[in-house]
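# Coordinates in review
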Amino acid sequence: MKLNTITRTGSVAASMALLLGLGLSACGSEDTASGSEGGSSTSESTEAAPEEDMEAGAQTFGEGCKLIPADGAGSFNGMSTAPVASAASANPLLKTLVSAVGQAELVDTLNSADALTVFAPTDDAFAKIPKADLDAVLADKETLTKVLTHHVVAGQLGPDEVAGEHETLAGDMITVEGSDEEFTVGKENAKVLCGNIPTANATVYVVDTVLMP
């Protein structure tokens, strides 16, 4: 009787130990899996944003690129996801241009185009024009439309394609000279300050002078 009791007691203890061991093992496996999944997600989330920013601005060039915001809708990454008129509206360098595009009612035209190259004058570029002359152009929708569309070429032209003579949306021609990362545009020899900026439907070259038809 005593031997049987001891044997039963030993068997119960062994069974409990086995169950406890299996339970701890299962918990450990779940924790490890959970930790692994969590670690992977955290790693991906922290690495994804810099990679996206790098991709959006990786092919841009020019000393003026440092003036583009580092984040937000006006950054390279932010502009790359929006159609060109909307993208420009988020960029602090292009406020006068954006206002002019709105006055000429060209926002939808530019945003809905399949592929464009836009030479975008900065606020400082517009400031070079005498105020009376600029106000006169802004007040004349037909003239304003012609001036603005003179800055736009069909197709998205990269740095290896932009040099040469191109027909503008105004129906006239514009010449881009230079190579590598040094380009001038039009008879005004407008300097490209920051080039090859991607938007959802256009490639933008920010220039330091307004181009006249």
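Quick summary incoming for the structure in this document. (Residues numbered from 1 in each chain as written. Predicted model: local features only at pLDDT ≥ 70, side-chain atom pairs only at ≥ 80, totals over all residues. Heavy atoms only, no water.)

The next point concerns the state of the cysteines. In total, this model carries 1 disulfide according to the counting rule given. Between cysteine 65 and cysteine 194 runs a disulfide, and the two sulfur atoms are separated by 2.1 Å. Looking along the S-S bond of the cysteine 65-cysteine 194 disulfide, the torsion reads about 100°, which is the right-handed sense. Linking cysteine 65 in the loop between helix H1 (2-57) and helix H2 (76-80) with cysteine 194 in strand E6 (residues 190-198), this pair joins segments that are 129 residues apart in sequence. Given the relative accessible area of 12%, cysteine 65 is considered buried. (Disulfide = S-S within 2.5 Å. Helix = DSSP H or I, 4+ residues; strand = E, 2+ residues; numbered from the N terminus. Buried < 20%, exposed > 50% of the residue type's maximum accessible area, 1.4 Å probe, protein only.)

For aspartate 180, which is not glycine, the phi dihedral falls at a positive 55°. With respect to the helices and strands, aspartate 180 occurs in the loop between strand E4 (173-179) and strand E5 (182-185). Overall, aspartate 180 belongs to the exposed group, its relative accessible area being 64%. The backbone of asparagine 189 shows a phi angle near 55°, a positive value even though the residue is not glycine. Looking at where asparagine 189 falls in the secondary structure, it is placed in the loop between E5 and E6.

With that settled, consider empty space enclosed by the protein. Using the criterion set out here, one finds 1 cavity of 30 Å³ or more in the structure. Here the largest cavity defines a volume of roughly 170 Å³. Along the wall of the largest cavity there are 15 residues; nearest its centre are Ala88, Leu97, Val101, Leu110 and Val118. Of all the secondary structure elements, the ones that give two or more residues to the lining of the largest cavity are helix H3 (84-89), helix H4 (95-103) and strand E1 (116-121). For the lining of the largest cavity, the residue count by class is 14 nonpolar, 1 polar and no charged. (1 Å grid on protein atoms, 1.4 Å probe; cavity = no way out; pocket = protein on both sides within 12 Å on 5 of 7 lines; lining within 4 Å. Points joined across faces, edges and corners; volume = space filled by probe spheres on them. Nonpolar A, V, L, I, M, F, W, Y, C, P; charged D, E, K, R; others polar.)

Taking every second residue as pointing to the same face, the buried face of E5 carries Phe183 and Val185, while none of Glu182 and Thr184 on the other face is buried. As judged from the 4 bridges shared by E4 and E5, these two strands associate in the antiparallel manner. Each bridged residue has a counterpart across the sheet, and for valine 176 the counterpart in E5 is valine 185. Hairpin remark: E4 followed by E5, antiparallel, with 2 residues in the connecting loop; positive phi at aspartate 180, about 55°. Bridge count for E5 against E6 is 2 bridges, and the pairing is antiparallel. From the neighbouring strand, threonine 184 faces E6, where its bridge partner is lysine 191. (Pairing = 2+ DSSP bridges.)

Attention now moves to the pattern of salt bridges. Taken as a whole, this structure holds 4 salt bridges when the rule is applied. Here glutamate 188 ties to lysine 187 by a salt bridge, and the two come within 3.5 Å at their closest N and O atoms. (Salt bridge = Lys/Arg side-chain N within 4 Å of Asp/Glu carboxyl O.)

Another point: the packing of H4 against helix H8 (residues 141-149). In contact at an axis separation of 9 Å, H4 and H8 are set at 130° when each is read in the N-to-C sense. Taken together, the axis directions place H4 and H8 in an arrangement best described as oblique. Remark: the crossing between H4 and H8 carries left-handed chirality. Contacts between H4 and H8 involve Leu97, Ala100, Val101 and Gln103 from the first element and Lys141, Leu144 and Leu148 from the second. Of the residues assigned to the contact of H4 with H8, the class counts are 5 nonpolar, 1 polar and 1 charged. (Axes fitted to C-alpha atoms, helices over the stretch in contact; angles between N-to-C directions. Parallel < 35°, antiparallel > 145°, perpendicular 65-115°, else oblique. Left-handed = near helix turned anticlockwise from the far one by under 90°. Contact = heavy atoms within 4.5 Å.)

Next up on the list: the sheet that holds E4. In spatial order, the strands read E2-E1-E7-E6-E5-E4-E3; together these 7 strands make up an open sheet with mixed pairing. Edge positions in the open sheet fall to strand E2 (152-154) and strand E3 (164-167), since each of these has one partner strand only. Averaged over all neighbouring strand pairs, the angle between strand axes comes to 30°, with direction disregarded.

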